[in-house]
Amino acid sequence: MSATGSDPSRRPVDLPDLSREAVPGEKVALAPGQLQLRPTRRGKAPSHLADLTLAERRAAVVEMGLPAFRANQLSKHYFDHATTDPDDLTDIPKDLRATLVERFFPPLLELVSMQAADHGATQKMLWRLFDGSLVESVLMRYTGRVTLCISSEAGCGMNCPFCATGQMGLTRNLSAAEILEQVRIANAKLAAGEVPAQEGENPVTRVSNIVFMGMGEPLANYRPVATVCKRLNAPSPEGFGMSARSITVSTVGLAPAVRKLIKEEIPVTLAVSLHAPDDALRDELVPINTRFDVDEILSAAHEYFQATGRRVSIEYALIRDINDQAHRAQLLADRLIAKGGTGWVHVNPIPLNPVKGSKWTASDPFVERRFVETLRAAGIRATIRDTRGSDIDGACGQLAAEVLESDAHRADREARVARVEAIATQDS
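Residues numbered from 1 in each chain as written. Predicted model: local features only at pLDDT ≥ 70, side-chain atom pairs only at ≥ 80, totals over all residues. Heavy atoms only, no water.

### Some details on the overall build of the chain
Convention followed: Each helix is a run of DSSP H or I of at least 4 residues and each strand a run of E of at least 2, with the numbering of both proceeding from the N terminus. Burial classes follow relative accessibility: with a 1.4 Å probe on protein chains only, a residue under 20% of its type's maximum area counts as buried, one over 50% as exposed, and anything between as partly exposed. Any pair of residues with heavy atoms lying within 4.5 Å of one another is described as a contacting pair.
Along the chain, the regular secondary structure elements total 11 helices and 12 strands. By the burial criterion, 55% of the 428 residues in the chain qualify as buried. Long-range pairs, those at least 24 residues apart, make up 69% of the contacts in the chain with a sequence separation of at least 6.

In structure tokens:
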């Protein structure tokens with residue numbers, strides 16, 4: 001199937017094409033199937049050290065009449081020591097600290113609230129940005145590693161009906177520094193002992209794994225996200241010096257952006273949020289499928305595997321009686337094998353975390369096991385994903401800083417749910 005859209009013969013003929021861009025300045029109220037490809041706000045965050053390459057930082061310092069090595073010092077404080085406090089910049093003359101902090105470390109994230117679960121090992125932070133936009137990130141400590149789930153947009157325009165953020169519409173894209181600040185602050189919390197480790201465990205003091213699975217579609221905010229991946233991977237003083245294999249970027253199916261990652265050789269692990277192996281159902285669950293269908297995104301993902309040698313993750317939210325049938329597990333296996341055999345992917349079925357107001361819920365545990373066993377019997381690696389933080393709305397699909405729903409939008413959503421259920425059961 002071409003990237004221009006899906007076969008019209010499989011779409012109801014009486015449904016209008018709702019995949020249009022939102023009108024700038026208007027409140028977002030996405031109708032079923034509608035995509036929002038432009039943010040409603042285009043405010044630019046203050047320029048920050050993390051937005052700049054090391055060479056650009058040095059040039060900016062020299063412009064201030066200071067030696068270039070001051071940029072290295074500032075970078076080490078930010079990326080190595082996770083601090084922007086003037087009192088911590090002890091290798092910089094005291095009379096310069098406030099000026100340098102004002103220039104290179106403007107405040108980008110203000111903590112609004114923090115919720116904890118798992119005895120403090122899982123923490124969800126709600127951040128207010130400079131323009132009042134709200135985003136969330138989730139910090140999760142496991143034995144021997146710490147994963148941070150970060151947001152790349154305020155809201156999301158992809159309109160997936162089972163995802164809380166998808167109900168918000170897209171407010172705006174985040175800058176590279178706004179994304180990286182989520183990491184820097186998490187490292188500061190770990191270094192300060194604010195995320196408890198299990199008794200007897202040697203505590204990890206820095207984030208070891210990054211997943212772009214917070215608010216937003218990362219590849220819809222391509223340039224800042226690509227910059228962030230480079231900063232995460234680059235050694236100090238350029239960046240955080242994290243392993244490329246510990247950085248995972250998810251996408252609901254922006255095939256052209258996946259191919260752009262290949263061309264630019266951005267070092268990440270790719271995760272595709274598929275959620276359905278058949279186009280008729282995926283059109284409804286993941287509306288971008290009407291532009292880049294299952295075959296198109298799997299082709300791009302396989303090309304990514306061929307170019308990088310990195311196994312692709314297939315994310316699949318298991319929704320009771322919607323996409324969890326054994327025949328869909330078999331169809332998923334068949335499509336993956338047809339694209340490139342069994343060794344190029346790992347499927348992560350994820351028990352759905354219900355969104356407030358939605359009737360959809362997680363699959364029965366027996367059905368989950370049957371789904372996984374069907375994949376494994378076909379030779380596909382599959383592992384049920386842990387859903388940490390569900391009791392604080394911090395698990396997959398639950399991040400939503402603010403959701404305002406009108407009566408009309410609620411009626412649209414309920415009609416869409418009915419349509420999804422009809423499609424999900426027609427082959428059962």
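### Description of the pairing of strand 9 (residues 269-273)
What counts here: For two strands to be treated as a pair, DSSP must find no fewer than two bridges joining them. Handedness of a crossover: with both strands directed away from the viewer, a clockwise path from the first strand across the helix to the second marks it as right-handed.
The element strand 9 is largely enclosed, with a buried count of five among its five residues. Summarising the sheet, strand 8 (residues 247-251) and strand 9 pair through four bridges and their orientation is parallel. If you follow T248 over to strand 9, its bridge partner there is T269. In this view, the connection linking strand 8 to its parallel neighbour strand 9 by way of helix 6 (residues 255-264) has right-handed handedness. When strand 9 meets strand 10 (residues 312-318), the two strands line up parallel, connected through three bridges. Paired with A271 across the bridge in strand 10 is S313.

### Looking at the pairing of strand 11 (residues 345-351)
Of all seven residues making up strand 11, six are buried, and the element is well covered by its neighbours. Pairing of strand 10 with strand 11 involves seven bridges; the strand directions are parallel. Looking across to strand 11, one finds that L318 is bridged to P351. One crossover worth recording links strand 10 to the parallel strand 11 by way of helix 9 (residues 326-340), and it is right-handed. Both strand 11 and strand 12 (residues 381-382) contribute to a ladder of two bridges, which runs parallel. What sits directly across from V347, in strand 12, is A382.

### Digging into helix 8 (residues 294-308)
The line we're drawing: Residue count minus one, scaled by 1.5 Å, sets the expected span of a helix.
With 15 residues, helix 8 extends 21 Å between its outermost C-alpha atoms, agreeing within 8% with the 21 Å of an ideal straight helix rising 1.5 Å per residue. Among all positions of helix 8, only V294, E296, I297, L298, S299, A300, A301, H302 and Y304 are buried. Of the surrounding secondary structure, the elements contacted by the buried residues of helix 8 are helix 6, strand 9, helix 7 (279-285), strand 10 and helix 9. G309 sits one or two residues past helix 8 and shows a positive phi near 75 degrees.

### Here we look at the sheet that holds strand 1 (residues 110-117)
Under the convention used in this document: The axes used here are C-alpha line fits, helices contributing only the stretch in contact, and every angle between their N-to-C directions lies in the interval 0 to 180 degrees.
The 10 strands lie next to each other as 1-2-3-4-7-8-9-10-11-12, forming an open sheet whose pairing is mixed. A single partner strand is all that each edge strand has here, and the edge strands are strand 1 and strand 12. Taken strand by strand, helix 5 (residues 222-233) contacts strand 7 (209-212) and strand 8, and its axis lies near 175 degrees from that of strand 7. Contacting strand 9 and strand 10, helix 8 runs over the sheet at an angle of about 165 degrees to strand 9.

### Some words on helix 4 (residues 176-191)
Residues lying three or four places apart along an α-helix face the same way, a consequence of the helix completing one turn every 3.6 residues. Helix length check: helix 4, at 16 residues, gives a terminal C-alpha distance of 23 Å against a target of 22 Å (1.5 Å per residue), a fit within 8%. Counting buried residues in helix 4 gives 14 out of 16 residues, a clear majority hidden from the surface. Looking one or two residues beyond helix 4, the residue adopting positive phi is G193, at roughly 75 degrees.

### Topic: the side chain of S299
This is how it is decided: The term polar contact refers here to a pair of N or O atoms within 3.5 Å; inside protein, the definition further demands a hydrogen-donor-capable atom paired with an acceptor-capable atom, and it admits residues adjacent in sequence only when both atoms are side-chain atoms.
By the secondary structure assignment, S299 is in helix 8. At a separation of 2.8 Å, a polar atom in the side chain of S299 contacts the main-chain carbonyl oxygen of D295. In this structure the side chain of S299 is engaged in a polar contact, spanning 2.8 Å, whose partner is the side chain of K339. Discounting chain neighbours no more than four positions away, the residues touching S299 are R259 and K339.

### Quick word on the confidence of the model for the chain
The criterion, for reference: Values of pLDDT, which run from 0 to 100, indicate the predictor's confidence residue by residue.
Of the residues in the chain, 83% reach a pLDDT of 70 or more, and the chain-wide mean stands at 86. Contacts for the low-pLDDT stretch residues 1-6, under 50 throughout, to residues beyond four places or in other chains number 17 contacts. Here residues 11-22 scores under 50 on pLDDT; set against residues more than four positions off or in separate chains, the count is 22 contacts.

### Topic: the packing of helix 8 against helix 9
Note the threshold: To sort the angles, those under 35 degrees are grouped as roughly parallel, those over 145 as roughly antiparallel, those from 65 to 115 as roughly perpendicular, and the leftovers as oblique. Take the far helix as your reference; a near helix turned counterclockwise from it by less than a right angle gives a left-handed crossing, and one turned clockwise gives a right-handed crossing.
Direction vectors running N to C along helix 8 and helix 9 enclose 50 degrees, while the axes themselves pass 10 Å from each other. In terms of axis orientation, helix 8 runs oblique to helix 9. Note on packing geometry: the crossing formed by helix 8 with helix 9 is right-handed. In contact with V294, D295, L298, S299 and H302 of helix 8, helix 9 contributes R335, L336, K339 and G340.

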